[in-house]
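Observations on the model geometry
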Amino acid sequence: MSISVNDVEITDEAVERELPHHAGAPVPLKAAVEALVVREVLLQAARNKLAAEQDALRVLEASQAEDAEALVEDALIERLIELEVTSPVPTEEECETYYRKNIGQFRTGDLVEASHILFQVTPNVPLDALRAKAQEVLQQALAQPEQFAELARTYSNCTSAEVGGSLGQLTKGQTVPEFERAIFSLEAGQTASRLVESRFGLHIVRVERRAEGRTLPFEMIREKLAEYLTEQVRIRALRQYLKILVGQADIQGIELEGAQTPLVQ
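Attention in this report is confined to the structure presented alongside it. (Residues numbered from 1 in each chain as written. Predicted model: local features only at pLDDT ≥ 70, side-chain atom pairs only at ≥ 80, totals over all residues. Heavy atoms only, no water.)

The strand order S2-S1-S10 describes an open sheet built from 3 strands, whose pairing is antiparallel. Each end of this open sheet is capped by a strand with a single partner; those strands are strand S2 (8–10) and strand S10 (251–252). Relative to S2, strand S1 (residues 3–5) runs antiparallel, the two being bridged by 3 bridges. Among the inter-strand pairings, Ile-3 is bridged to a residue of S2, identified as Ile-10. Seen against the sheet, helix H2 (residues 28–49) touches S1, S2 and S10 and runs at an angle of roughly 20° to S1. (Pairing = 2+ DSSP bridges. Helix = DSSP H or I, 4+ residues; strand = E, 2+ residues; numbered from the N terminus. Contact = heavy atoms within 4.5 Å. Axes fitted to C-alpha atoms, helices over the stretch in contact; angles between N-to-C directions.)

Turning our eyes to something else, we now look at the nonpolar core. Core analysis: the biggest nonpolar cluster contains 30 residues, and Val-37, Leu-42 and Ile-251 have the highest contact counts within it. Breaking this core down by element, the ones donating at least two residues are S1, helix H1 (12–18), H2, helix H4 (68–84) and helix H9 (218–248). By residue number, the principal contributor to this core is H2, which donates 9 residues. (Core = buried A, V, L, I, M, F, W, Y, C linked by side-chain atoms within 4.5 Å. Buried < 20%, exposed > 50% of the residue type's maximum accessible area, 1.4 Å probe, protein only.)

All right, on to unusual backbone geometry then. Notably, Asn-6 is not glycine yet its phi reads approximately 50°, a positive angle. When you line up the elements, Asn-6 lands in the loop between S1 and S2. According to the relative accessible area criterion, Asn-6 is partly exposed, its value standing at 34%.

This is how it looks when you write it as structure tokens:
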């Protein structure tokens, strides 16, 4: 079935052009198609609401500038979002409340020296069998922590296996979120009692050493925090607006999850 938005087709050529922008997505093709559908939904809404702006931009569209049509479309979408999606600036009190409730986010300098044993998920290995083997090795690592490096050399599918699973010193932001949560929750010399799952596979995680950082004072991060909270409000409002537009549009060939609709950059 072809994909269309209110009878406007999303062509295979358009998908091919969009695909490289989503190479890092779990399912690049799906992400590319969803992005094009959302763009078309927004563009149609912009053309309906912003006739005057569209007329003014025709000068650019009629020029010989490279990608002139795309620039016009981007300008229309940006103007539509500017008019339809509001982002109130948080108050000082709201910023302080968020700071107090999420004080752990404002630490700097936390550092851990971590190791892992990776059981990579591949099409050729049944997940149940892989998980069972990982659990078996985890029990060995917990029972004989001094053998962790040797177990990593034997079983890990990561290049770090050559150095006993060592990932060296890590700070926050260097690893995927689920792995980061695990390593920064462990004490020095502790192995996680459960497998950690990430897009790379199943991990047995151990922290060798850790160095504590410090908590940044509210005054130091006030402006950045206000910008962050404003952006979060904008994202939620934009998601809600997109959900409404998607619900009103006649979309064929793909089913979008309204609340998770990808955002225009």
